[in-house]
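Take a look at the letters that make up each chain.
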Amino acid sequence: MKLLHKDIEKDNAGQVTLMPEEAEDMWHTYNLLQVGDSLRASTIRTTLTVCVETIDFDTQACQLRVKGTNLGENQYVKMGAYHTIELEPNRKFTLAKKVWDSVLLDRIEQACDAAQKVDVAAVMMQEGLANVVLVTPAMTLLREKVEVTIPRKRKGSCTQHEQALERFYEAVMQAILRHVDFGVVKCVLVASPGFVKDQFISYLYREAVRHDNKVLLENRPKFILVHSSSGHKYSLKEILSDPTVTSRLSDTKAAAEVRSLEEFYKMLQHEPDRAFYGLAHVEKAAEALAVDTLLISDVLFRHQEVATRSREQLTQMSGVAAILRFPMADLSEPEDDSSSDDD
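Along each chain, the written sequence defines residue order, and numbers are assigned to residues from 1. The model is predicted, so local features are restricted to residues of pLDDT at least 70 and side-chain atom pairs to those at 80 or more, both for listing and for counting; the totals for chains, interfaces and linings are taken over all residues. Values reported for side chains reflect all heavy atoms of the structure, with hydrogen atoms and water molecules removed beforehand.

A. Quick look at the overall build of the chain. Scanning the chain from terminus to terminus reveals 10 helices and 15 strands. The proportion of buried residues among the 343 residues of the chain is 43%. The contact rule is simple, with two residues in contact once any of their heavy atoms fall within 4.5 Å. By sequence separation, contacts in the chain at least 24 residues apart represent 63% of the contacts at least 6 residues apart. A run of DSSP states H or I qualifies as a helix once it reaches four residues; a run of E qualifies as a strand once it reaches two. Both are numbered from the N-terminal end. The buried label goes to any residue with under 20% of its type's maximum accessible area, the exposed label to any with over 50%, and the partly exposed label to all in between, with areas taken from a 1.4 Å probe on protein chains only.

Here it is, written out as structure tokens:
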């Protein structure tokens, strides 16, 4: 994300002009937009400024559709008329708010910081299926889904089976080369049930040597083989929770988030008076200055529903959780919301 202009007053009112450059930038843009904001961007015929009313994010197309009422009449759109502005990578926009709070300003800083980019890639695979994803501080990006039909081995002949496997491995290797920037990514997790991952890595290295592919050969240490129960995307949670993986990923941003969640779950199991979730409990802990680590899902800042979310585990816990500096046993007691017995 490029910050082209920023004009925010002392009362925190103002506007910023941004240029999304990649898929994750669209996620950041989605989280910056709120109902009531003023959005200015170019359309096919003209440049419009609308008062935002609805926001729809297509995660697959990386496109935002923002509907609102026109704030400035021109020859194409009347004042007050409804219009939809489409935002996408490499199309600049200006966003104005009455109040830019610290969460929004931090998100802009994070989005525009080149160091805050993808540093973990993962390939979840099983015979005939592979999902190539990039793990960022904000979300998990599915970059490519590879599917190849693998015929069963036939008695006396395995030729068709082996040829299909080679086509599958080749397609996965090309997907990695297309989507993984080894200049930024610190590791590539390759996960599967059984020996699929091992056979694929053998194929990858063999082809790298045969074609003298320096990118793969020079980054060989970045590939980490991990067991997973399947090749589906949901296996990522299982992979990132593996102790052998977390130790290898100790200096990555994705691992830091996983460690915080794992620490919360351990605390919930062994010291439940120091681990709470749900807005009411966490607010009470904050009022007592007891919060040591605060975990918040992006869903708390949104009203619209999006099928693909990051932080699924945290969202299931009402979107907010906290590890406390000291126990607060009284928070564990259910609140008595019944009326008094005295009538």
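B. Focus on the pairing of strand 11 (residues 187–192). Counting buried positions over the 6 residues of strand 11 gives 6, a clear majority of the element. Neither face of strand 11 is left uncovered, since the one carrying Cys187, Leu189 and Ala191 and the one carrying Val188, Val190 and Ser192 both have all their residues buried. Between any two strands, at least two bridges found by DSSP are needed for them to pair. For strand 11 and strand 12 (residues 223–227), the ladder comprises 5 bridges, and the chain directions are parallel. Bridge pairing links Ser192 to His227 in strand 12.

C. Seen up close, the pattern of salt bridges. Basic side-chain nitrogens of Lys or Arg form a salt bridge, by our definition, when they fall within 4 Å of a carboxyl oxygen of Asp or Glu. Under the counting rule described, the total for this entry stands at 10 salt bridges. Across the pair Lys197 and Asp198 runs a salt bridge, and its minimum N-O distance is 3.6 Å. Note on Asp198: relative accessible area 30%, which makes it partly exposed. Glu207 is paired through a salt bridge with Arg210; the nearest N and O atoms lie 2.8 Å apart.

D. View of the sheet that holds strand 13 (residues 275–277). Taken in spatial order, the 3 strands make up an open sheet running 13-15-14, and their pairing is antiparallel. The open sheet is flanked by strand 13 and strand 14 (291–296), the only strands paired with a single partner. In this sheet, neighbouring strand axes are inclined to one another by 15 degrees on average, regardless of whether the strands run parallel or antiparallel. Where strand 14 meets strand 15 (residues 320–324), 5 bridges bridge the pair, whose relative direction is antiparallel. The partner of Leu295 across the bridge, within strand 15, is Ala321. All axes are obtained by fitting lines to C-alpha atoms, using only the stretch in contact for helices, and the reported angles, taken between N-to-C directions, cover 0 to 180 degrees.

E. Broad picture of the environment of His211. For His211, the location among the structural elements is in the loop between helix 4 (196–210) and helix 5 (214–218). Judged by relative accessible area, His211 falls into the exposed class, the value being 52%. Polar contacts here mean pairs of N or O atoms no more than 3.5 Å apart (in protein, one a potential hydrogen donor and the other a potential acceptor; neighbouring residues in sequence count only if both atoms are side-chain atoms). Among the polar contacts made by the side chain of His211, one reaches the side chain of Arg210 at a distance of 3.4 Å.

F. Layout of a negative patch on the surface. Patch building starts from residues that exceed 30% relative accessible area and form no salt bridge, then joins like charges within 9 Å and nonpolar side chains (Val, Leu, Ile, Met, Phe, Trp, Tyr) within 5 Å. Exposure was quantified through the Shrake-Rupley algorithm and a 1.4 Å probe, taking into account, for residues, occlusion by the shown protein chains and nothing else. Residues scored as positive are Lys and Arg, those scored as negative are Asp and Glu, and His as well as the terminal groups of each chain are ignored. The location of each charge is read from NZ of Lys, CZ of Arg, CG of Asp or CD of Glu. A contiguous patch of negative charge, built from Asp101, Asp106, Glu109 and Asp113, is present on the exposed surface. By secondary structure assignment, the location of Glu109 is in helix 2 (residues 102–112).

G. Up close: unusual backbone geometry. A positive phi angle, near 70 degrees, is found at Asn12, a position not held by glycine. On the secondary structure map, Asn12 appears in the loop between strand 1 (2–8) and strand 2 (14–19). For Asn12, a relative accessible area of 32% translates into the label partly exposed. The phi angle at Leu289 is positive, at roughly 55 degrees, despite the residue not being glycine. Here Leu289 shows up in the loop between helix 9 (279–287) and strand 14.

So, to be careful, I would describe these as geometric facts and stop short of saying anything about function.
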